[in-house]
Amino acid sequence: MKVKILTIFPELFPGFLGASLTGKALDEGKWSIEVVNIRDYAFDKHGSVDDTPSGGGAGMVMRADVLGEALKANYKGGRLINMSPRGTPFTQDMAHKLACEEELTIICSRFEGIDQRVLDEYNAEDISIGDYILTGGEQAAMIMLDAIIRLLPDVLGNAESTIAESFEEVLLEHPQYTRPTNWMGREIPEVLLSGHHKKIDEWRHLQSQEITKQRRPDLWEKYLASKKV
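The structure contained in this document is the topic of the report that follows.

The rules behind each value
- Residues numbered from 1 in each chain as written.
- Predicted model: local features only at pLDDT ≥ 70, side-chain atom pairs only at ≥ 80, totals over all residues.
- Heavy atoms only, no water.
- Helix = DSSP H or I, 4+ residues; strand = E, 2+ residues; numbered from the N terminus.
- Buried < 20%, exposed > 50% of the residue type's maximum accessible area, 1.4 Å probe, protein only.
- Contact = heavy atoms within 4.5 Å.
- Areas by Shrake-Rupley, 256 points an atom, 1.4 Å probe, with all protein chains shown as cover.
- Lys, Arg positive; Asp, Glu negative; His and termini not counted.
- Charge placed at Lys NZ, Arg CZ, Asp CG, Glu CD.
- Expected span 1.5 Å × (residues − 1).
- Phe/Tyr/Trp six-rings, centres within 6.5 Å; stacked < 30°, edge-to-face > 60°.
- Salt bridge = Lys/Arg side-chain N within 4 Å of Asp/Glu carboxyl O.
- Pairing = 2+ DSSP bridges.
- Axes fitted to C-alpha atoms, helices over the stretch in contact; angles between N-to-C directions.

**A few points about the overall build of the protein**
Helix and strand counts for the protein come out as 7 helices and 9 strands. Principal-axis analysis of the C-alpha atoms gives the protein an extent of 70 × 40 × 40 Å. Relative to its full complement of 229 residues, the protein shows a buried share of 40%. Contacts in the protein between residues at least 24 apart in sequence constitute 73% of all its contacts with a sequence separation of at least 6. For the protein, the accessible surface area stands at approximately 13900 Å², while carbon and sulfur atoms represent 50% of it. Within the protein, the 36 negative side-chain charges are centred at a point lying 3 Å from the centre of the 26 positive side-chain charges.

Below, the structure written as structure tokens:
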């Protein structure tokens, strides 16, 4: 997968994507990253990329002409994403779909956002990683990419690692344990030491149900609805 990032802070990349499994995958060429500095396409010596919002209001807005020049020079087609809190919520299902793309171009917005005209001109899709506001789209882009890259072929050592994870099958993941069997007086649940795989699977499924019901009633309702089909 080829990833292209448009940002005014190119020094932030690859960030934590250059470490651990995503970093190893980067070194092995399983994905690549090209970072474009939007300021390089500004029209003044100061590298200005923003201006006051039309109609008044607080903050600044990223200019359509500057970002447009950056896109004109670097965007060659394919999926174009703008990280924005007003976007479609990013989900595990979306991560799987984006992992199938050969190229992704991601705009890291700043300030109060981007002039809508450039987003419309290039048919960019807004994606949000959650109902909260960050100082910029760079952090959101890295989080989204981490979820995507780990799904690429041969990035995880064990392909089965993703199967029982939270959000893969609506339910949240069951609790996990490892050695020692007794820690601070707390024992590993006996069923996990039984060697009885059917009972272990049943216990884990029940735990997933209880955790989902308690913590994410929205997902629990979705799960119940899926069982009625």
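**Thoughts on helix 5 (residues 137-149)**
The terminal C-alpha atoms of helix 5 lie 18 Å apart, and with 13 residues this matches the ideal 18 Å at 1.5 Å per residue to within 8%. Restricting attention to buried positions, one finds in helix 5 the residues G137, E138, A140, A141, M142, M144, L145, A147, I148 and I149. On the buried face of helix 5, the contacting elements are strand 1 (2-7), helix 1 (20-27), strand 5 (79-89), helix 3 (92-98), strand 6 (103-108) and strand 7 (125-128).

**As for the packing of aromatic side chains**
One pass over the structure, following the stated rule, counts 3 aromatic pairs. Measuring from ring centre to ring centre gives 6.5 Å for Y177 and W203, while their planes differ by 55 degrees; the resulting arrangement is tilted. Linking Y177 in the loop between helix 5 and strand 8 (182-183) with W203 in helix 6 (residues 197-215), this pair joins segments that are 26 residues apart in sequence. Looking at Y177, the relative accessible area reads 42%, which means it is partly exposed. Given a relative accessible area of 17%, W203 falls into the buried group.

**Digging into the pattern of salt bridges**
This structure, assessed with the given rule, holds 11 salt bridges. Where K30 meets E28, a salt bridge forms, and the shortest distance between an N and an O atom there is 2.8 Å. With relative accessibility at 29%, the residue K30 sits in the partly exposed group. According to the relative accessible area criterion, E28 is partly exposed, its value standing at 43%. Here E101 and R79 are joined by a salt bridge, their closest N and O atoms 3.0 Å apart. A residue pair is termed long-range when its members are at least 10 positions apart, and E101 in the loop between helix 3 and strand 6 and R79 in strand 5 qualify at 22 residues. You can call R79 partly exposed: its relative accessible area is 25%.

**Side note on the sheet that holds strand 5**
Across the sheet, which stays open at both edges, the 5 strands sit in the order 2-1-6-5-7 with parallel pairing between neighbours. Unpaired on one side and paired on the other, strand 2 (32-37) and strand 7 mark the two borders of the sheet. Neighbour to neighbour, the strand axes of the sheet diverge by 35 degrees on average, direction disregarded. Pairing analysis gives 5 bridges linking strand 5 to strand 7, with the strands arranged parallel. Across the sheet, the residue bridging to T88 is I127, located in strand 7. Its contacts with the sheet place helix 2 (residues 64-74) against strand 1, strand 2, strand 5 and strand 6, and it is angled at close to 160 degrees to strand 1. Sheet strands touched by helix 5: strand 1, strand 5, strand 6 and strand 7. Its angle to strand 6, the strand with the most contacts, is close to 155 degrees.

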